[in-house]
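Below, each chain spelled out in residue letters.
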Amino acid sequence: MTEGEAEQAGGRLAEQLVRFARLGARAKGMLHVGDFGAEFSALMLLFPLRHLGPMRVTDLAEVKGADPSTISRQAAQLVKAGLARREADPADGRASRLAITQEGLAACLQLHQARNDLISKALSGWPVERVRAFADLFEEFNSSVEALVRCDPAVPARENA
């Protein structure tokens, strides 16, 4: 592949990623999960809490690559909705951690299933070997972007969620 062909292919991919991001925003409304009492962005905090366990808001902000004030506001929504609770940090009793509740775990599982159902529906006409190949390539792409972002000092460590 020539340099020009590589640049053209990269441009095409960039256009498709922008298209995907726009479609993703619209697809959120198709998840049919009901009202959990918190914004969608706040609900996305349930996944790291489920997988990583209770953590301080500052640690959650680091995991999500977001500003702590944004995460704090979203965490308050989760607590108010009963999807998360604050608990004392065993390492420092003056601090608190956010922990997922049983209701939060149920919401997390419901969101996960709705997302998987939507993707399955979108890919229903694809042969399984193409789905596997696409998943492999997309994983490789994401890993490359993560490595680039980690190494580039010009990329801010945190962004607003």
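Residues numbered from 1 in each chain as written. Predicted model: local features only at pLDDT ≥ 70, side-chain atom pairs only at ≥ 80, totals over all residues. Heavy atoms only, no water.

Caption draft 1: The overall build of the chain, seen in detail. For the chain, the helix and strand inventory stands at seven helices and two strands. Helices (α) and strands (β) of the chain occur, in sequence order from the N terminus, as α-α-α-α-α-β-β-α-α. Projected onto its principal axes, the C-alpha positions of the chain cover 60 × 40 × 25 Å. Counting every position in the chain, which comprises 161 residues, the buried fraction comes to 25%. Sequence separation of 24 or more characterises 54% of the internal contacts of the chain that already satisfy a separation of 6 or more. About 11,200 Å² of surface is accessible on the chain, with carbon and sulfur atoms providing 56% of the total. Of note, the chain has its 20 positive side-chain charges centred 7 Å away from the centre of its 21 negative side-chain charges. (Helix = DSSP H or I, 4+ residues; strand = E, 2+ residues; numbered from the N terminus. Buried < 20%, exposed > 50% of the residue type's maximum accessible area, 1.4 Å probe, protein only. Contact = heavy atoms within 4.5 Å. Areas by Shrake-Rupley, 256 points an atom, 1.4 Å probe, with all protein chains shown as cover. Lys, Arg positive; Asp, Glu negative; His and termini not counted. Charge placed at Lys NZ, Arg CZ, Asp CG, Glu CD.)

Caption draft 2: Expanded view of the pattern of salt bridges. Counted according to the given criterion, the structure contains six salt bridges. Between Arg73 and Glu39 there is a salt bridge; the shortest N-O distance is 3.3 Å. With a gap of 34 residues between them, Arg73 in helix H5 (residues 68-80) and Glu39 in the loop between helix H1 (3-27) and helix H2 (40-43) connect regions that are remote in the sequence. On the basis of relative accessibility, which here comes to 41%, the residue Arg73 falls in the partly exposed class. Arg56 is paired through a salt bridge with Asp92; the nearest N and O atoms lie 3.8 Å apart. Of this pair, Arg56 sits in the loop between helix H3 (46-52) and helix H4 (57-64) while Asp92 is found in strand S2 (residues 92-100), placing the two residues 36 residues apart along the sequence. (Salt bridge = Lys/Arg side-chain N within 4 Å of Asp/Glu carboxyl O.)

Caption draft 3: A look at H4. Every buried residue of H4 is listed here: Val57, Leu60 and Ala61. Down the axis of H4, the sector holding all buried residues measures 105 degrees, keeping them to one side. Packed against the buried residues of H4 are H3, H5, strand S1 (84-89) and S2. Just past H4, the residue Gly65 takes up positive phi, approximately 65 degrees. (Arc of directions from axis to C-beta.)

Caption draft 4: Representation of the pairing of S1 within the structure. Inspection of the sheet shows S1 paired to S2 by six bridges, in the antiparallel sense. Paired with Ala88 across the two strands is Ser96, which belongs to S2. Where S1 folds back on S2, the antiparallel hairpin that results is connected by two residues. (Pairing = 2+ DSSP bridges.)

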